[in-house]
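Here's the letter readout for the chains.
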Amino acid sequence: MALHLSLLLLLLLLVYRISAVGYVSVQTGGSITFPCSYDQYYINHVKYWCQGLGWDVCSYVVRTDHPKSSGKTSISDDINKRIFTVTMTDLVSRDYGNYRCVVEINGGTDIMIQWFYLSVTPGTPELYVEQQEVTGVEGGSVTVCCYYSNSGDMKWCRMGGDCVSVFSGTLNGTSVTLMRTSDAINRKVLTVTMSGLKMENTDWYWCRVGELEMPVHITVSQQTATQLEVKSTITVSQQTATQRTSKMTSTTQDPTPQQPSASPTAEPVQTDNTSQGAEGNMEEVHQRSIDVKVLLISLGMLVVVTAGILVTWKMWRMPKDNKAKDQTTNNSVDPFPEADDDVTYSTVILQHKTQLKGQTKVKLFH
């Protein structure tokens, strides 16, 4: 009976291990970081990364008790978070295969924490992210874009924790939304947004589509004094704008003086209608904008019509003014009507009986 129970537990463990395989696809020349979490009892144990399908053929690649890098692979152990990570760079096709995260047990059987199958493809991977490290600030939000070409269930999971597999949900009190879209170059995208971040949200997460998955690390930091000041300024500005909008809306919707009310809920009711007031104010502003445009167009047309009338009157008056001017010119008196006639000069000699007094030239007009 005990033997049968042991065999059953071993079979269940084997099935669990096989089902826990993570299939990861990376493009040739790219890099990937694998996270491996372990129990607090193994903090002081050696951890290693090996390649191979079985224990007898799983050869060491890197270990935490040796130089922590070997060629293109490096390992680091964070005992505070109980996670060790393995980074592989400059991947080529021969790097594909089965890899394991293992905790070494002195005098006993080593414990496999995680089993990965790495696929290295010359083309675009079936599931990938543009960056595995994403940062955010406390109270803010982060967005992760998972590009995929395969099919299957879509999930966003915290390593060793729960998953969100519908359009929205929560992980450790943080809101999570999933959205499937396509980008400008027709790549299918699973957009994951985490809002209301907390410091404890710093961890590794998995973007999963079908049997493929991609690890993503999210780091949440505290807001700096500058960020807090900017946020406070924005909040105050928004509150001021909301108050002005509420006041304008209240004035527009109820032009008659409000009677004093003894109800203690009068103030909250006005506050609750802020969103409706904002919409009404926007409509009012839009209507005022239309009225201003109509007024400006009307004034412009009035100016054009007035200018046309003045030009027409001027053209109508011009012939009459010219005619009156001609008549005035013709009726004027010429003081020398025959000024253009020929002039003849004659010499007149005046003589006395006794002597010639002088000669005088006289101008005679004919």
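Up top you'll find the structure we're talking about.
Reading guide: rules and limits
- Residues numbered from 1 in each chain as written.
- Predicted model: local features only at pLDDT ≥ 70, side-chain atom pairs only at ≥ 80, totals over all residues.
- Heavy atoms only, no water.
- Helix = DSSP H or I, 4+ residues; strand = E, 2+ residues; numbered from the N terminus.
- Buried < 20%, exposed > 50% of the residue type's maximum accessible area, 1.4 Å probe, protein only.
- Areas by Shrake-Rupley, 256 points an atom, 1.4 Å probe, with all protein chains shown as cover.
- Contact = heavy atoms within 4.5 Å.
- Pairing = 2+ DSSP bridges.
- Axes fitted to C-alpha atoms, helices over the stretch in contact; angles between N-to-C directions.
- Salt bridge = Lys/Arg side-chain N within 4 Å of Asp/Glu carboxyl O.

J.: Explain the overall build of the protein chain here, please?
T.: Tallying secondary structure elements over the protein chain gives four helices and 21 strands in all. Burial status across the protein chain gives 28% buried among its 366 residues. When the accessible surface of the protein chain is split by element, carbon and sulfur atoms take 57% of a total near 25,200 Å².

J.: How do you make sense of the environment of V142 when you look at a structure like this?
T.: With respect to the helices and strands, the residue V142 is situated in strand 12 (residues 141-148). Taking the relative accessible area as the measure of exposure, V142 reaches 4% and is therefore buried. When sequence neighbours within four positions are dropped, the list of residues in contact with V142 reads V134, T135, G136, V192, T193, M194, L197 and I218.

J.: In this structure, what is going on with the sheet that holds strand 10 (residues 127-129)? I would like to understand it.
T.: Picture the strands of a sheet paired through backbone hydrogen bonds; they go either parallel or antiparallel. Read from one edge of the open sheet, five strands run 10-12-17-16-15, paired in antiparallel fashion. Each edge of the sheet is formed by a strand with only one pairing partner; in this case those strands are strand 10 and strand 15 (168-171). Each neighbouring strand pair of the sheet contributes to a mean axis angle of 30°, computed without reference to strand direction.

J.: Explanation requested: the sheet that holds strand 5 (residues 69-70) in the structure shown.
T.: The antiparallel open sheet is built from four strands, whose spatial order is 2-7-6-5. The open sheet has two edge strands, strand 2 (32-37) and strand 5, and neither has a second partner. Where strand 2 and strand 7 (residues 83-88) come together, six bridges link them in antiparallel fashion. The residue bridging C36 from the neighbouring strand is F84, located in strand 7.

J.: How should I be thinking about the pattern of salt bridges in this particular structure?
T.: Side chains bearing opposite charge may pair, as long as their charged atoms lie close to each other. A full pass over the atoms with the stated rule returns eight salt bridges. R63 is the partner of D65 in a salt bridge, and the nearest nitrogen-oxygen pair spans 2.9 Å. For D65, a relative accessible area of 40% puts it in the partly exposed group. Of the residues examined, R63 reaches a relative accessible area of 10% and is grouped as buried. Between D203 and R158 there is a salt bridge, with its nearest N and O atoms 2.9 Å apart.

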